[in-house]
Amino acid sequence: MSISLGFVFWGLLLVLMDFRIGGFDLLPDVIGHVLVAIGCGRLAGESGNFKVAIVLAVILAVCALVPGADLRVLQVPVLTILEIWQVWYMLAGVMRMAEARGLPEFALSAQRRRRDFLVVTALCVVLPQLYGGAWGREETSMVLSIILTVAGFVVAIRVLLVLHRGKARFGN
């Protein structure tokens, strides 16, 4: 169990981190998505939510291989929506595991983190669409960008912490 959650943890960490030198991504997202798929595959017997997360991880891995695959439908980045769903289902699987082991406080923690991830990531998608045209002030845009970046970073760390703590809580 802990090894499987370790795959998910490290995979998600690789996806969330973006280190580039001269435009070259030192930590390609495809590796992270493959690690998430492997980890979720090993956890699929614990909850059907991990099965959904596998499918999403495979789709995201394939898209990561295609240069410029930032799919947009009506100005909404489809890949971001897939990533939200992936985290939603992974944490739903963690919630089921916690509930099955009599750890309601840990299940609640996972539930809160998935809600936080959904809300903050959705705001990161929606608000730039609104403030770009409606407010249009450079100062407002800068402040909002900083707030969204910090909030996204904090929420991502909290999601990773749930996965990391799950390794210890669920054992082998």
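The structure we're discussing is the one just above.
The following paragraphs examine the structure supplied in this document. (Residues numbered from 1 in each chain as written. Predicted model: local features only at pLDDT ≥ 70, side-chain atom pairs only at ≥ 80, totals over all residues. Heavy atoms only, no water.)

### Notes on the overall build of the protein
Applied cut-off: Only DSSP runs of H or I reaching four residues or more are called helices, and only runs of E reaching two or more are called strands; each is numbered from the N terminus. Each residue is placed in one exposure class: buried if its accessible area under a 1.4 Å probe, protein chains only, is under 20% of its type's maximum, exposed if it is over 50%, and partly exposed if it falls in between. Whether two residues are in contact is decided by their heavy atoms: any pair within 4.5 Å suffices. To be clear on the numbers: accessible area is Shrake-Rupley with a 1.4 Å probe, and residue cover counts the displayed protein chains and nothing else.
Assigned secondary structure in the protein consists of six helices and four strands. Tracing the protein from N to C terminus, the helices and strands come up as α-β-β-α-α-β-β-α-α-α. Counting only residues that meet the buried cut, the protein has 41% of its 172 residues in that class. Sequence-distant contacts, at least 24 apart, represent 69% of the contacts inside the protein between residues at least 6 apart. About 9400 Å² of surface is accessible on the protein, with carbon and sulfur atoms providing 67% of the total.

### Topic: the packing of aromatic side chains
Keep this limit in mind: Pairing of aromatic rings covers Phe, Tyr and Trp, the last through its six-membered ring, and needs centres within 6.5 Å; plane angles under 30 degrees mean stacked, over 60 mean edge-to-face, and all others mean tilted. Counted as over-ring charges are cases with an Arg CZ or a Lys NZ within 6 Å of the ring centre that also lie within 35 degrees of the ring normal.
In total, this model carries two aromatic pairs according to the counting rule given. Seen in terms of ring centroids, F9 and W10 are 5.0 Å apart; in terms of plane orientation they differ by 85°. Their pairing is edge-to-face. Its relative accessible area of 11% is what places F9 among the buried residues. Residue W10 is classed as partly exposed on the basis of its relative accessible area, which comes to 47%. With centroids separated by 5.5 Å and ring planes inclined at 85°, the aromatic side chains of F106 and F170 adopt a geometry described as edge-to-face. Of this pair, F106 sits in helix α5 (residues 104–135) while F170 sits in helix α6 (residues 138–170), and the two are 64 residues apart along the sequence. For the pair shown, F106 and F170 are each scored as buried. Stacked on the ring of W88, the Lys or Arg R114 has its end atom at 3.7 Å from the ring centre. The aromatic ring of F9 is capped on one face by K167, whose charged end is 5.5 Å from the ring centroid.

### So, the pattern of salt bridges
So the rule is basically this: The term salt bridge refers to a pairing of a side-chain nitrogen on Lys or Arg with a carboxyl oxygen on Asp or Glu at a separation within 4 Å.
Per the stated rule, a full pass over the model turns up five salt bridges. Among the ionic pairs, R101 bridges to E46, the shortest N-O distance being 3.1 Å. On the criterion of sequence distance, the pair formed by R101 in the loop between α4 (78–100) and α5 and E46 in the loop between α2 (29–43) and α3 (48–65) is long-range, its members being 55 residues apart. Here the salt bridges share partners, and the residues they tie into one network are R113, R115 and D116.

### A word on the side chain of T121
What counts, and what does not: By the criterion applied in these results, polar contacts are pairs of N or O atoms within 3.5 Å in which, for protein atoms, one can donate a hydrogen and the other can accept it, and in which residues neighboring in sequence qualify only through two side-chain atoms.
Position of T121 relative to the elements: it lies in helix α5. Take T121: its relative accessible area is 15%, and that puts it in the buried class. Polar contacts involving the side chain of T121 include one to the main-chain carbonyl oxygen of F117, which spans 2.7 Å. Contact partners of T121, with chain neighbours within four places excluded, come to T80 and I84.

### Side note on α4
The cut-off we apply is this: Given the number of residues in a helix, its expected span is that number minus one, multiplied by 1.5 Å.
If you check α4, its first and last C-alpha atoms are 33 Å apart, about what 23 residues at 1.5 Å a residue would give, namely 33 Å. Downstream of α4 by a residue or two, G102 has a phi angle that is positive, lying close to 70°.

### Re the environment of L12
Position of L12 among the secondary structure elements: in helix α1 (residues 2–16). Relative accessible area serves as the criterion here: at 4%, L12 is assigned to the buried category. In this structure the C-alpha to C-alpha distance between L12 and V87, which are 75 residues apart in sequence, comes to 8.8 Å.

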